[in-house]
Amino acid sequence: MIEGRDISVEIGRRRLLDQINIDIEPGRIMIIAGPNGAGKSTLMSVLAGERVPATGGVMMDGVPLSAISHRQLAMRRAVLLQQSALDFAFTVAEVVALGRLPHVDAPDVADDPAAIAQAAARADIQHLMARHYPTLSGGEKQRVQFARALAQLWHRDGGTRRYLFLDEPTSALDLRHQRLLLNVAAALKGESVGVLAILHDINLAAAYGDDLMLLRDGRCVAAGPVDEVLNPVEIEACFDLGVEMMTSAQGQRVFVPRLMS
Amino acid sequence: MRAAVLTRPASDLWRRPETLLVMLGLLLVASFVMSLSIGAMAIGPVDILLSLFGLTSDHTVASVVMELRLPRALMAVVTGAALGVSGAALQGLFRNPLADPGLIGVSSGAALGAVCAIVLGATLTLWLPLFGSRFLVPVFAFAGALAACLATQMLARRHGSTALLLLGGIAINALAGAMTGFFVYASNDNQLRDFTFWSMGSLAAAGWQGLYIAVPMTLPALYLIWTSARSLDAMLLGEREARHLGVDVVWLKRRIFICSALAVGISVALCGVIAFVGVVVPHLVRLVAGPAHRLVLPGSAMLGGALLLLADSLARVSVAPAELPVGLVTAALGSPFFIWLLMRQRSFS
């Protein structure tokens, strides 16, 4: 489990995060949602060990992040960032293979081809492997980066606890690939992976999340199991947007914004 | 650039790189032999081989090869490799295919040191009789190169950002340029001429003594850069991405920076400023091999050495019995290529 306790981040006088507590458990998907500038990406960078909080701290399976080397961390935690500007003409296969970098000297390095093949299949990019990365569309690039993160986390025995952080992973994807990506995240739950995802689409959060945290101005508006947190009252409190809740014919809860006056 | 390699089939991925490295190796050997054989006195490949193994009875041939041409050719290889590898590594670090070793201040710092030694030479040799006047310019140029790099690094250190490293390099370049200008202003005609020739680069002064210094400093630095090849690949994805892949980015930057500064610093100190090898060579290698550093770094070492050997041969024979500064040759050939690269770059963005 990754536990963030009492996390506050300040830049100058501005408080970006105010005493946030968050747990990411293997086998569960934790969603962070909130308006632009709420501190979602900042929180993710703290949990990823990239930014040191002003107060509070983060533990991974009982060990403070500061006591874990970059390499050790990278062997068990992968991060998909919002955009990646890669202008050099790597092939897609080479980009995905970079996900194995933390495992270079590890005994399971012989499994690299298996890891890369599985990641490519899950991200639906097998047909792109020989293409050059800069020639891909935005959505294809996002899927390649997703495959790289999957390759990084791949482990021969699925039992090791691992964590996948996704910052707006569906922002450039078409409808079908949005679902495919989150289906993969859901499948990873069965391989002791804990997923942390920042999503803007409340309906995707409702369909795939186990837990949800709503952030606004660096504060936690609401947190808990998705079914409890996600209702019109909390959504309006977080986003200043009225929504109607409906139930689809298949029994899915769907949120539709009211017309804004 | 990309159009040419777009059709590179995936199945060739593992075969092609080795072929390229072998070809570059052959090119290097061919350039090396050619460089030894041409000049005021033409020497055939057989005589060169005999001289190299001390089997020739012709003492003139033996001494031309062993005392003049061999150290000069070796220096060209070491310098070309240093410029090529450092250029490739810094381009990776800055994630910019147009970056040049000069960006971190190494050339302008060396120029300042060199002009300082040339203008104040007479006074300095009185104070420091230990250095013969022969070594004054290289020692000062090397000190200047390292000092400028150190200043750049310290400017960027507080935030550790790559953009700041680049801006710091620009600032230090400007400052060193201004100080160099003062020395040039204060110099007499002879000193001005000396400095002008130094700043165009030349391998004419290359000898065994220089190699005894250059080789033990350059090779370990280049080796250390080579061991960072995979981390440099990750840096191309982005600094944050590299970090999340387990690369200690701060440490990597420092290591690449120091090794490049040492390798380029020693080459500038001994041979002067040799333009465009550092920026053009890695580019050429990437055209064929793609951007993976495990190929780009050794490829740049070999191509850099080969190109500098060829440029130096051209410099020696084109206006014989005089010779052109080799930096002039590389700049004259390199800058049109660089302009072409820039124009291509625009059409792709």
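Description of the structure in this document. All values derive from a computational prediction rather than experimental measurement. In every chain, residue numbers begin from 1 and rise along the written sequence. Think of it this way: whatever chain is written first is A, whatever ligand is written first is 1, and the rest follow in order. Only residues with pLDDT of at least 70 are given local features in this predicted model, and only at 80 or more are side-chain atom pairs given and counted; all residues enter the totals for whole chains, interfaces and linings. Processing note: side-chain calculations cover all non-hydrogen atoms of the structure and skip hydrogens and water entirely.

1. Describing the overall build of chain B
Secondary structure elements follow DSSP: runs of H or I no shorter than four residues count as helices, runs of E no shorter than two count as strands, and numbering proceeds from the N terminus. A count of helices and strands for chain B gives 16 helices and 0 strands. Residues classed as buried in chain B amount to 50% of the 349 residues present. Every residue pair with non-hydrogen atoms within 4.5 Å of one another is taken to be in contact. Within chain B, contacts between residues at least 6 apart in sequence are counted, and of these 77% link residues at least 24 apart. For the exposure calls, accessible area comes from a 1.4 Å probe over protein chains only, and a residue counts as buried if that area is under 20% of its type's maximum, exposed if over 50%, partly exposed in between.

2. Quick look at the interface of chain B and chain A
Listed by partner, the interface residues are 26 residues for chain B and 35 residues for chain A. For the chain B and chain A pair, buried surface summed over both sides reaches about 2800 Å², with 62% attributable to carbon and sulfur atoms. Notably, a salt bridge pairs Arg240(B) with Glu50(A), separated by 2.5 Å at the nearest N-O pair. Polar contact criterion, stated in full: a pair of N or O atoms within 3.5 Å, where within protein one must be able to donate a hydrogen and the other to accept it, and residues adjacent in sequence count only if both atoms are side-chain atoms. Connecting chain B to chain A are 6 residue pairs in polar contact (both at pLDDT 80 or more). When two parts are brought into contact, each loses some accessible area as probed by a 1.4 Å sphere; the total of that loss over both is the buried area. The working definition used for a salt bridge is a side-chain nitrogen of Lys or Arg within 4 Å of a carboxyl oxygen of Asp or Glu.

3. As for the packing of aromatic side chains
Residues and elements named next belong to chain B. Each aromatic pair joins two rings of Phe, Tyr and Trp (for Trp, the six-membered one) with centres within 6.5 Å, and gets the label stacked for planes under 30 degrees apart, edge-to-face for over 60, and tilted for any other angle. Counted according to the given criterion, the structure contains 2 aromatic pairs over all chains. For the pair Phe195 and Trp198, a centre-to-centre distance of 6.2 Å together with 15° between the ring planes defines the contact as stacked. Taken together, the residues Phe195 and Trp198, both in helix α9 (residues 189-199) and 3 residues apart, mark about one turn of the helix. Ring geometry for Tyr223 against Trp226: centres 6.3 Å apart, planes inclined by 40°, an arrangement best described as tilted. Within this pair, Tyr223 and its partner Trp226 are both found in helix α10 (residues 208-227), separated by 3 residues, close to a single helical turn.

4. So, helix α5 (residues 138-153) of chain A
Multiplying one less than the number of residues by 1.5 Å gives the expected span of a helix. Taking 1.5 Å of rise per residue, 16 residues should cover 22 Å, and α5(A) covers 23 Å from first to last C-alpha, within 8% of that figure. In terms of burial, α5(A) is largely enclosed, as 14 of its 16 residues are buried.

5. Comments concerning the pairing of strand β2 (residues 14-24) of chain A
All names here are of chain A. Strand pairing is defined by DSSP finding a minimum of two bridges between the two strands. Pairing analysis gives 7 bridges linking strand β1 (residues 2-11) to β2, with the strands arranged antiparallel. Paired with Glu3 across the bridge in β2 is Asp23. Taken together, β1 and the strand that follows it, β2, pair antiparallel across an intervening segment of 2 residues, in which Gly12 is found at a positive phi of about 60°.

6. Digging into the side chain of Ser313(B)
All names here are of chain B. Within the secondary structure, Ser313 is located in helix α15 (residues 293-317). Polar contacts involving the side chain of Ser313 include one to the main-chain carbonyl oxygen of Leu309, which spans 2.8 Å. Aside from chain neighbours lying at most four places away, what touches Ser313 is Met34, Ser35 and Ile38.

7. Description of the pairing of strand β10 (residues 219-225) of chain A
All names here are of chain A. For strand β9 (residues 211-216) and β10, the ladder comprises 6 bridges, and the chain directions are antiparallel. Counted as the bridge partner of Arg216 is Arg219 from β10. Between the antiparallel neighbours β9 and β10 lie 2 residues, among them Asp217 with a positive phi of about 50°.

8. Side note on the pattern of salt bridges
Think of it this way: side chains of opposite charge can pair up when their charged atoms draw near. Residue and element names in this part refer to chain A. Considering all chains together, one arrives at 19 salt bridges over all chains under this definition. We note a salt bridge from Asp18 to Arg15, for which the minimum N-O separation is 2.6 Å. The buried category is assigned to Asp18, whose relative accessible area is 16%. Between Asp112 and Arg100 there is a salt bridge; the shortest N-O distance is 2.7 Å. Here Asp112 is found in helix α4 (residues 112-122), whereas its partner Arg100 is found in the loop between α3 (92-97) and α4, with 12 residues between them in sequence. Salt bridges linked by common partners bring Glu10, Arg15, Asp18 and Arg219 together as one network.

9. What about the sheet that holds strand β5 (residues 63-64) of chain A?
Spatially, the 4 strands line up as an open sheet ordered β2-β1-β4-β5 (chain A), and their pairing is antiparallel. Two strands lie at the open edges of the sheet, namely β2 and β5 of chain A, each paired on one side alone.

10. Let's talk about the sheet that holds strand β8 (residues 193-198) of chain A
Residues and elements named next belong to chain A. The strand order β6-β7-β8-β3-β9-β10 describes an open sheet built from 6 strands, whose pairing is mixed. Every interior strand has two partners, whereas the edge strands, β6 (77-80) and β10, have only one. For this sheet the average axis-to-axis angle between neighbouring strands, irrespective of direction, equals 15°. Pairing between strand β7 (residues 162-167) and β8: 6 bridges, direction parallel. Lines fitted to C-alpha atoms define the axes here, with helix axes fitted over just the stretch in contact, and angles between the N-to-C directions of these axes take values from 0 to 180 degrees.

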